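Take a look at the letters that make up each chain.
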Protein chains: 2
Amino acid sequence: MLWPRVAPHGANIRLLGVVMNGAESLVRTLVKGGVDVCFANPGTSEMHFVGALDRVEGMRCVLGLFEGVCSGAADGYYRMTDKPASTLLHLGPGLANAAANLHNAKKAGSGIVNIVGEHALYHIKYDTPLTADIEGIARPFSHWVKTSPTAKTVAADGAAAIQAARVAPGQVATLILPADTAWTEADGVAETPDTPSPQKPANETVVAAAKALKNGQSAMLFLGGRALRAKGLELAGKIATKTGCKVQAAGGTARIERGAGRVPVLRLHFVVETALDMLKGTKHMVLCGAKPPAAFFAYPGKPSVLVPEGCEVTTLCPVDGDPLASLEALAAELGALNETPANVAQPDRPDRPTGKFTPEGLGAALGATLPEGAIVVDESVTTGRGFFPYTAGAPPHDWLNNMGGSIGFGAPVAVGAAVACPDRKVIAMIGDGSAMYTIQSLWTMARENLDVCVMIFSNRSYKILYSQLADVGAANPGPRAIDMLTLDRPTLDFTLLAKSMGVPAAKALDLEELTKQLTYAMSQKGPYLIDVVM
Amino acid sequence: MLWPRVAPHGANIRLLGVVMNGAESLVRTLVKGGVDVCFANPGTSEMHFVGALDRVEGMRCVLGLFEGVCSGAADGYYRMTDKPASTLLHLGPGLANAAANLHNAKKAGSGIVNIVGEHALYHIKYDTPLTADIEGIARPFSHWVKTSPTAKTVAADGAAAIQAARVAPGQVATLILPADTAWTEADGVAETPDTPSPQKPANETVVAAAKALKNGQSAMLFLGGRALRAKGLELAGKIATKTGCKVQAAGGTARIERGAGRVPVLRLHFVVETALDMLKGTKHMVLCGAKPPAAFFAYPGKPSVLVPEGCEVTTLCPVDGDPLASLEALAAELGALNETPANVAQPDRPDRPTGKFTPEGLGAALGATLPEGAIVVDESVTTGRGFFPYTAGAPPHDWLNNMGGSIGFGAPVAVGAAVACPDRKVIAMIGDGSAMYTIQSLWTMARENLDVCVMIFSNRSYKILYSQLADVGAANPGPRAIDMLTLDRPTLDFTLLAKSMGVPAAKALDLEELTKQLTYAMSQKGPYLIDVVM
């Protein structure tokens, strides 16, 4: 697997006669393996990696002011490219700061190669300030973890990390790089081995799924992962035409390709009662790229499992399978490949709304202004739950949701999506409470002039928790409980926040102003923030 | 250990005839055990804890917009009170967001009781979005970890967590509270068992330490932890008078009591060469509350161990011992109890500086304005390294440093110190790069009207990394490496940032203006931010 020391991108005369250290062998291995973006927040132990950037062509390094920006950006980048980016993090605490968005990425099936600095191995035993159990920190958030023991192994370990990150649907791989392995002489660059393709469904599974769906309206094709790309939804639409089955998306969806010309699909609702209503009457459920539906949280007296009682569940394709190949095999088995999906979204935009903010009006403002190719990163939590109908007929676009439930996901994922797709407008819709976890993202948007329109829904509360208080049975909250859910003392001024980090911004106090602001934001390039003061 | 169900703070008639759930039994147990401050960022699974706040008297709940604010605040609170506070965190990702400052707290020996929500135990197997290995996440950052299995055990487990947090010098205890244990009926309130006192040194250890120090100038008393309180420094001063030994503080110090009337001590320098100079000539080192000095990082060709070659090291008191009792025993053994410390800081303030910013001028500005009883939280990184001489004769104050090396420590610790000591002025000196990790702290300062003066040293870079690049041997950085160390594209406007979160702020562009701003900040109560634009 180790290659002789050569410059991977043609002649690099600075390399001739120069000893390559472990850090440089890793950077070259990453670039050679197609991992050519690094979302970085480095410290001392990562300085050799940073130093190598000027000797290696082809690595785009994007600085974040907080590690959660970096990990969330890598998540967004993967969702839009199906290609892992790397992060560069400073020892255990740097990794810990990245961990919440690594959790979200892991749940979303996003491939990431984390490079985490570590003390020189001989130094660890002195238990100096930054010493920590980095492997222990990494494990709950990673599918693959390794500390590279020597400079000679760094390149091969980096290649193995890339290989692991590419395992379907995408995995979090964490490579720990002791400082002495970074600064000691390496052997050369490693080539990344192929990642085995995900398993295709066995013929009898396809036959069983086909049989289940033939039950028409009492059958449901339940989709997740890449089944929600346009191609997968088209296949699902053909299958629905042929069998009369329902098509339903999981509650958590990493990326849905939707808009005019595509087969629309609804996400399973967060509220248990509504989700149960959506699944009611289903006697045969076929899973493709999704797990059986379960409640987000447990609540007293409510079920965890949302599959209706007596419903038979068939897994056509597990989460780590190949949903598109599976749907294709299923459509073929059903003779549905030449069907026309009955339900295709027609081009249709709502009128530009006016008046006070309402959930419907906000959906209409978005639907009226969404440009073709937009990437919507949705961390609107309570506010945006009803936006799908208003945007179903907008020009084709992508819609990204949080699959790990850790808030602070939206702005970082928008950074990564914008780096991945510089020619597309990214729209990040974020609740005010959520936005504050990773607000440092705005600075990276300004620094890289990323084409992101950030909408902050300022309802001055963790609004979702009001209903959650009742749902868990902690009803009739008193003033102290309410105080833990409100963000109005003081109010946050997101336009000042944005400007402090170099992002132009404006407030919108009604739907007309919001629609005007959105129209402006869509007409220009570069970051822009709209504080939707509700 | 379980008490009958009684209202711990006198009559609480709301409790009569009302079933107490697990969450309430925990809140009552915490208050009864003296843990009466909670730095919280709750979510759904913590709603019963929040709901109990209105039924239980005596718990002050302080909201943070990011979990790192909460954990850092608990660290600062402990340093100033020697009493653990609790945090309230939302499942695995919430704990992960708190982890970097838990790491700092753990290294500082600060006792904290983390309460982390978890799914109902029967719900975990469905692997829903927020499911994670919470115990695994907690372990690298905690001395004690437990998931309470039932509502009946929550109170006793809470009491055990308090007991663990109080183990000297202070420990991080993490109690994981599954939602069903919070909402199910509990038995009552638990009483916190006593924590065993730290071991006092054996007589032969005291005799050996005394013998070592009798070597005069070639001997050094090396102090950490509570040895750096005024009482410990006074004892060290008496011992120095008697023996002629040197007195030196460790590089990382959780809290030094210093200023006029106290025995001054220098911290060991971060830079290896300077630290080696400070320790040069030491042939006998006596450790009290500190580990043997080691380099913060490893560097090629530089030692990890800073103890001079051939120096004999005697541990009078380990980090988890009783430094004050140990120094007292040592002074008694040496017959030094009635000595007068030779080196006591005399009241002395530098003149109010003018002109351009210099390290000396910044130190003088602080020294000229520091009020009596001030608590200085020092995350000034490169800028403030030389401030000690300028403040040695200022009125008595405390000085808190980062012992874990994870930046983003300053503003949260200032929050906790201000909650702990409402009658004292807190001065948080923070580098611009460091400040951005936990900038959400400003909002909590505004919300609680905390008496904190935040000084941001805006040098528009991770300045320490310039020297670190050279120190690790990654010299001659090119433009891409430099780009990862600079924060000037765009510049951060900390006055706008502060105002966006309700904290008044001003810029200072020279020493005269800074001194004027500091004088104003010291004259009033409540949060104030000065952006020191360097």
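So, how was this worked out
Residues numbered from 1 in each chain as written. Chains lettered and ligands numbered in written order. Predicted model: local features only at pLDDT ≥ 70, side-chain atom pairs only at ≥ 80, totals over all residues. Contact = placed C-beta atoms within 7 Å. Helix = DSSP H or I, 4+ residues; strand = E, 2+ residues; numbered from the N terminus. Nonpolar A, V, L, I, M, F, W, Y, C, P; charged D, E, K, R; others polar. Pairing = 2+ DSSP bridges. Axes fitted to C-alpha atoms, helices over the stretch in contact; angles between N-to-C directions. Core = buried A, V, L, I, M, F, W, Y, C linked by C-beta atoms within 7 Å. Buried ≥ 20, exposed ≤ 12 C-beta atoms within 10 Å, placed from the backbone. Right-handed = clockwise from strand over helix to strand, strands pointing away. Domains from an automatic or database assignment.

J.: Tell me about the interface of chain A and chain B, residues and numbers included.
T.: Contacts between chain A and chain B engage 81 residues on the former and 81 residues on the latter. The element that contributes the greatest number of residues to the side of chain A that touches chain B is helix α4 (residues 91-108) of chain A, accounting for eight residues. Looking at the side of chain A that touches chain B, its residues break down into 48 nonpolar, 23 polar and 10 charged.

J.: With reference to specific residues and values, describe the sheet that holds strand β11 (residues 312-317) of chain A.
T.: Residue and element names in this part refer to chain A. In space, the four strands of this open sheet follow the order β8-β7-β10-β11, with parallel pairing throughout. Only two strands of the sheet have a single neighbouring strand rather than two, namely β8 (246-249) and β11. Ignoring strand direction, the axes of neighbouring strands in this sheet form an average angle of 25°. In terms of strand pairing, strand β7 (residues 219-223) meets β8 through four bridges, oriented parallel. Residue pairing across strands places Leu 221 opposite Val 247, the latter belonging to β8. Where helix α11 (residues 323-334) meets the sheet, it contacts β10 (284-288) and β11, and its direction lies at approximately 115° from that of β11.

J.: Give a detailed account of the sheet that holds strand β6 (residues 172-178) of chain A, specifying residues and quantitative values.
T.: Residues and elements named next belong to chain A. A sheet is described by the order of its strands in space; here six strands give the open sequence β2-β1-β3-β4-β6-β5, paired in parallel fashion. The strands lining the two open edges of the sheet, one partner per strand, are β2 (60-63) and β5 (144-147). Geometrically, the sheet is characterised by an average inter-axis angle of 20° between neighbouring strands, direction not taken into account. α4 contacts β3 (85-89), β4 (112-118) and β6 of the sheet and is inclined by roughly 165° relative to β4. Sitting on the sheet, helix α6 (residues 151-165) is in contact with β4, β5 and β6, with an inclination near 165° to β6.

J.: Hey, could you go over the nonpolar core for me, with residue numbers and the actual values?
T.: Counting 394 residues, the largest nonpolar core has A:Leu223 and B:Leu223 as the members making the most contacts within it. In terms of residue count, α6(A) provides more of this core than any other element does, 10 residues in total. Contacts of A:Leu223, omitting those with residues within four sequence positions, involve A:Leu228, A:Gly232, A:Ala236, A:Val247, A:Gln248, A:Ala249, A:Ala250, A:Val265, A:Cys288, A:Gly289 and A:Ala290.

J.: Could you give an account of the pairing of β2(A), naming the residues involved and the relevant values?
T.: One face of the sheet, then the other: side chains in a regular strand alternate in exactly this way. Residue and element names in this part refer to chain A. Here four bridges tie strand β1 (residues 37-40) to β2, and the two strands are oriented parallel to one another. Considered in β2, the bridge of Phe 39 is made with Val 62. Handedness of the crossover joining β1 and β2 through helix α2 (residues 47-52) is recorded here as right-handed.

J.: Describe the domain arrangement of chain A, and please don't skip the residues or the numbers.
T.: All names here are of chain A. Segmentation of chain A into domains returns domain 1 (13-183), domain 2 (203-334) and domain 3 (359-533). Relative to domain 3, the C-alpha centre of domain 1 lies at a distance of 29 Å. Going through the elements one at a time, β2, α3 (67-81) and α4 are the ones with two or more residues in the side of domain 1 that touches domain 3. Ranked by residue count, the leading element in the side of domain 1 that touches domain 3 is α3, at 11 residues. Residues that form the side of domain 1 that touches domain 3 fall into these classes: 12 nonpolar, eight polar and four charged.

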